[in-house]
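# Architecture at a glance
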Amino acid sequence: MAHGYINHFCCRMLICAAALFLLPACMSWDYDNAIEDFDAFGSGLFICNEGNFQYGNATLSYYDPVTCEVQNEVFFRANGMKLGDVAQSMTIYGDRGWIVVNNSHVIFAIDLNTFKEVGRIENLTSPRYIHFINDEKAYVTQIWDNRIFIVNPRTYSITGYITVPGMTMENGSTEQMVSYGDYVYCNCWSYQNRIIKIDTTTDRVVGQLEVGVQPTSLVLDHYGKMWTITDGGYSGSPYGYEAPTLCCIDAETFEIDRQFMFRLGDAPSELQLNGARDTLYWINDDIWRMDVTASRVPVRPFIQARDTKYYGLTVDPSAGDVYVADAIDYQQQGLIYRYSADGELVDEFYVGITPGAFCWK
């Protein structure tokens, strides 16, 4: 599938739509390869490279911000086997990194310093993100499934499901999650328009809030406010097409606090927070930055786009540096740009095909 001239939203939609008509990827993990020993103590940045859908060429990269050294394909090199098909996201909990491989229906747990596999959760439908409640319970969101899976990270087993009301196997997805008190909040993206509220003591959906067509991200700031960006759908969508929004939600009352409108046709995405959780960043062609207490969105970008389409974004929680992923043409190695907290280019380096998600160690 050639993605070179497809924007960020449409690319993800095509990937997801293809899953309806193709048989699940039967990924076989081949161990007959030489392995390397890594010793990556200290802080660093993992980059999940999606690869190409149905090609099984997802990879994991690791970058040391102090030495500016990048190591590519570290999962393959440390384990002697490929990562799988579409590396969607990665989360760190305790001393392990959890890599969600969407179309291989698996989550790998790895040692953070050696990158070696220590366990895996299999038989997931089409996992997107994993969110930990405690040492023995985590939630895994899915696309094309009206359930959130409940898993036990200690035993790497599926222990139950949370059925999402008003969602079928064909018309929705659950995505990113944040915790506030005894509740987990989750944005419902594909052909949906809401944030759901889950009681973690009963594992049931106990509330929902409409925010606009297709909320793509969800973060929780320093003041107990949740933020989401809606992409507004696309022209001709049977679910609707409207101007995207940036929406602020009070986590305590579960009500909309503020809402900012973009222009029809804009494609904002990849909403992120800095380490202090008081400043928002997102992609909308350029890179934008806004204080969470602001009364309006900025009129000038923080970093102007190069001749490309940015695909992923993260902020160093310690130094405040901003990292932007450039998928280029979705066929060759992607490029990561590292900017200082003042927006000056510090470094750039190549990673794997279609870099889309970051995870800080």
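Heads up: these notes are all about the structure in this document. (Residues numbered from 1 in each chain as written. Predicted model: local features only at pLDDT ≥ 70, side-chain atom pairs only at ≥ 80, totals over all residues. Heavy atoms only, no water.)

### Points about the sheet that holds strand 20 (residues 269-273)
What counts, and what does not: A pair of strands is treated as paired once DSSP finds two or more bridges between them. What counts as a helix is a DSSP run of H or I of at least four residues, what counts as a strand is a run of E of at least two, and both are numbered from the N terminus. Axis definition: a line fitted to C-alpha atoms, limited for helices to the stretch in contact. Angles are taken between N-to-C directions and run from 0 to 180 degrees.
Here three strands make up an open sheet; going across it, the order is 20-21-22 and the pairing antiparallel. Single-partner strands in this sheet number two, and they are strand 20 and strand 22 (286-291). Between one strand and the next, the sheet's axes are offset by a mean angle of 20°, whatever the strand orientation. Direction of pairing for strand 21 (residues 279-284) relative to strand 22: antiparallel, over a ladder of six bridges. Of the residues in strand 22, the one forming a bridge with Ile283 is Ile287.

### Some thoughts on the packing of aromatic side chains
Defined as follows: Stacked, tilted and edge-to-face are the three classes assigned to paired rings of Phe, Tyr and Trp, where Trp is represented by its six-membered ring and a pair needs centres within 6.5 Å; plane angles under 30 degrees give stacked, over 60 edge-to-face, the rest tilted. Exposed residues in this analysis have more than 50% of their type's maximum accessible area, buried residues have under 20%, and partly exposed residues fall in between, with area computed by a 1.4 Å probe over protein chains only. Whether a charge sits over a ring depends on NZ of Lys or CZ of Arg being within 6 Å of the ring centre and within 35 degrees of the ring normal.
As enumerated under the stated definition, the model contains 18 aromatic pairs in all. Judged by centre distance (5.0 Å) and plane angle (45°), the rings of Phe75 and Phe108 are tilted. Residue Phe75 is located in helix 2 (residues 74-79), and its partner Phe108 is located in strand 6 (residues 106-111); the two are separated by 33 residues in the primary sequence. Here Phe75 and Phe108 have matching classes, each one buried. The interplanar angle of 80° and the centroid separation of 4.8 Å between the aromatic rings of Phe149 and Tyr161 together place this pair among those described as edge-to-face. Of this pair, Phe149 sits in strand 10 (residues 147-152) while Tyr161 sits in strand 11 (residues 157-163), and the two are twelve residues apart along the sequence. We classify Phe149 as buried; its relative accessible area is 2%. Ring-pair connections join several aromatic residues into one group, and the members of that group are Phe38, Phe46, Tyr62 and Phe115. Positioned over the ring face of Tyr161 is Arg147, at 4.4 Å from the centre of the ring. The positively charged end of Lys197 is found above the aromatic ring belonging to Tyr183, 4.3 Å away from the centroid.

### Some details on the nonpolar core
Where we set the bar: By nonpolar core we mean a set of buried residues, namely Ala, Val, Leu, Ile, Met, Phe, Trp, Tyr and Cys, connected to one another through side-chain atoms within 4.5 Å. The contact definition used throughout considers only heavy atoms, calling two residues in contact when any of these lie within 4.5 Å.
One finds Phe46, Leu60, Phe75, Leu83, Met90, Ile99 and Phe115 to be the most contacted residues of the largest nonpolar core, which totals 23 residues. Looking at this core, the elements with two or more residues in it are strand 1 (45-49), strand 2 (59-64), helix 2, strand 4 (87-93), strand 5 (96-101), strand 6 and strand 27 (355-360). With sequence-adjacent residues up to four places away left out, Phe46 is seen in contact with Leu60, Ser61, Tyr62, Met90, Ile92, Ile110, Leu112, Phe115, Ala357, Phe358, Cys359 and Lys361. Membership of the second largest hydrophobic core comes to 15 residues, among which are Leu273, Leu280, Trp282 and Ala294.

### So, the sheet that holds strand 27
In space, the four strands of this open sheet follow the order 3-2-1-27, with antiparallel pairing throughout. Looking at the sheet topology across the chains shown, the edges are occupied by strand 3 (69-71) and strand 27. Between one strand and the next, the sheet's axes are offset by a mean angle of 25°, whatever the strand orientation. Relative to strand 27, strand 1 runs antiparallel, the two sharing five bridges. Residue pairing for strand 27: Asn49 is matched across the bridge by Pro355.

### Observations concerning the layout of surface pockets
The condition is simple: As defined here, a cavity is a set of points on a 1 Å grid over the protein atoms alone where a 1.4 Å probe fits but cannot get out. A pocket is an open set with protein on both sides within 12 Å along at least five of seven lines, and residues line them when an atom is within 4 Å of a point. Grid points are joined across faces, edges and corners, and a volume is the space filled by probe spheres set on the points. Under the grouping applied here, Gly and all other residues not named as nonpolar or charged are polar, the nonpolar ones being Ala, Val, Leu, Ile, Met, Phe, Trp, Tyr, Cys and Pro and the charged ones Asp, Glu, Lys and Arg.
Considered as a void within the structure, the largest pocket measures approximately 1300 Å³ in volume. Gln176, Leu218, Val219, Gln272 and Phe358 are the residues nearest the centre of the largest pocket, which is lined by 46 residues in total. Among the elements of the structure, helix 1 (8-21), strand 4, strand 8 (127-134), strand 12 (174-180), strand 16 (219-220), strand 20, strand 23 (310-315) and strand 27 are those that each provide at least two residues to the lining of the largest pocket. Of the residues forming the lining of the largest pocket, the biggest block, six residues, is contributed by strand 4. For the lining of the largest pocket, the residue count by class is 24 nonpolar, 15 polar and seven charged.

Honestly, that's just the spatial picture; any functional story needs more than this.
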